[in-house]
Amino acid sequence: MVRTALYEAANVLLSRVTRFSALKRWGLEVVKRRGLKRAKVAVARKLAVIRPLEKPNAIVLGIWRELWESIFCFPSVAEPSALP
């Protein structure tokens, strides 16, 4: 489950996040050299060792926040009493 979340975070970072960071730049360099699949795995491995609470970095914390919201914040489902 953690591996899947890290892989998804790498996918989001490389494809959806518009703000550049050192990690994204490094990942895009890996894409050019090795391809997108291997770059996602490489970025996921780097994400696994990032310790955002050690030295909070706004970009890293933003990436983790976007990851958290994309994985765990689902659209709210209508109340059963509100359904016809």
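Notes on the structure in this doc start here.

About the thresholds
Residues numbered from 1 in each chain as written. Predicted model: local features only at pLDDT ≥ 70, side-chain atom pairs only at ≥ 80, totals over all residues. Heavy atoms only, no water. Helix = DSSP H or I, 4+ residues; strand = E, 2+ residues; numbered from the N terminus. Expected span 1.5 Å × (residues − 1). Buried < 20%, exposed > 50% of the residue type's maximum accessible area, 1.4 Å probe, protein only. Arc of directions from axis to C-beta. Axes fitted to C-alpha atoms, helices over the stretch in contact; angles between N-to-C directions. Parallel < 35°, antiparallel > 145°, perpendicular 65-115°, else oblique. Left-handed = near helix turned anticlockwise from the far one by under 90°. Contact = heavy atoms within 4.5 Å. Nonpolar A, V, L, I, M, F, W, Y, C, P; charged D, E, K, R; others polar. 1 Å grid on protein atoms, 1.4 Å probe; cavity = no way out; pocket = protein on both sides within 12 Å on 5 of 7 lines; lining within 4 Å. Points joined across faces, edges and corners; volume = space filled by probe spheres on them.

Turning to helix α3 (residues 36–49), a few remarks are in order. Taking 1.5 Å per residue as the helical rise, α3 with its 14 residues ought to reach 20 Å, and the 20 Å between its terminal C-alpha atoms agrees with that figure. Buried within α3 are the following residues: Ala39, Lys40, Val43, Ala44 and Leu47. Down the axis of α3, the buried side of the element spans an arc of 135°, and every buried residue falls inside it. Among the exposed residues of α3, those pointing more than 90 degrees away from its buried face are Arg45 and Val49.

Moving on to the packing of helix α2 (residues 22–34) against α3. Running from amino to carboxyl end, α2 crosses α3 at an angle of 150°, the nearest separation of the two axes being 8 Å. With respect to α3, the axis of α2 lies roughly antiparallel. The chirality of how α2 crosses α3 is right-handed. Contacts from Leu23, Trp26, Gly27, Val30, Val31 and Arg34 of α2 reach α3 at Leu36, Arg38, Ala39, Ala42, Val43, Lys46 and Leu47. Residue composition of the contact of α2 with α3, grouped by class: 9 nonpolar, 1 polar and 3 charged.

On to empty space enclosed by the protein. Scanning all chains against the criterion turns up 1 cavity of 30 Å³ or more. Taken as a whole, the largest cavity spans an internal volume of roughly 30 Å³. Secondary structure elements with two or more residues in the lining of the largest cavity: α1 (2–15) and α4 (58–72).

Moving on: α2. With 13 residues, α2 should reach 18 Å at 1.5 Å per residue; the first-to-last C-alpha distance of 18 Å fits that figure. Looking only at α2, the buried set comprises Leu23, Lys24, Gly27 and Val30. Down the axis of α2, the buried set is contained in an arc of 115°. They therefore lie on one face. Exposed residues on α2 whose side chains face more than 90 degrees from its buried face are Ala22, Lys32 and Arg33. The secondary structure elements touched by the buried residues of α2 are α1 and α3. Gly35 occupies a position one or two residues after α2 and carries a positive phi of about 110°.

In this structure, the second largest pocket occupies an estimated 170 Å³ of space. Lining the second largest pocket we find Arg3, Thr4, Leu6, Tyr7, Val41, Ala44 and Arg45. Looking at the lining of the second largest pocket, the elements with two or more residues in it are α1 and α3. Looking at which element gives the most residues to the lining of the second largest pocket, the answer is α1, with 4 residues. In terms of residue class, the lining of the second largest pocket is built from 4 nonpolar, 1 polar and 2 charged.

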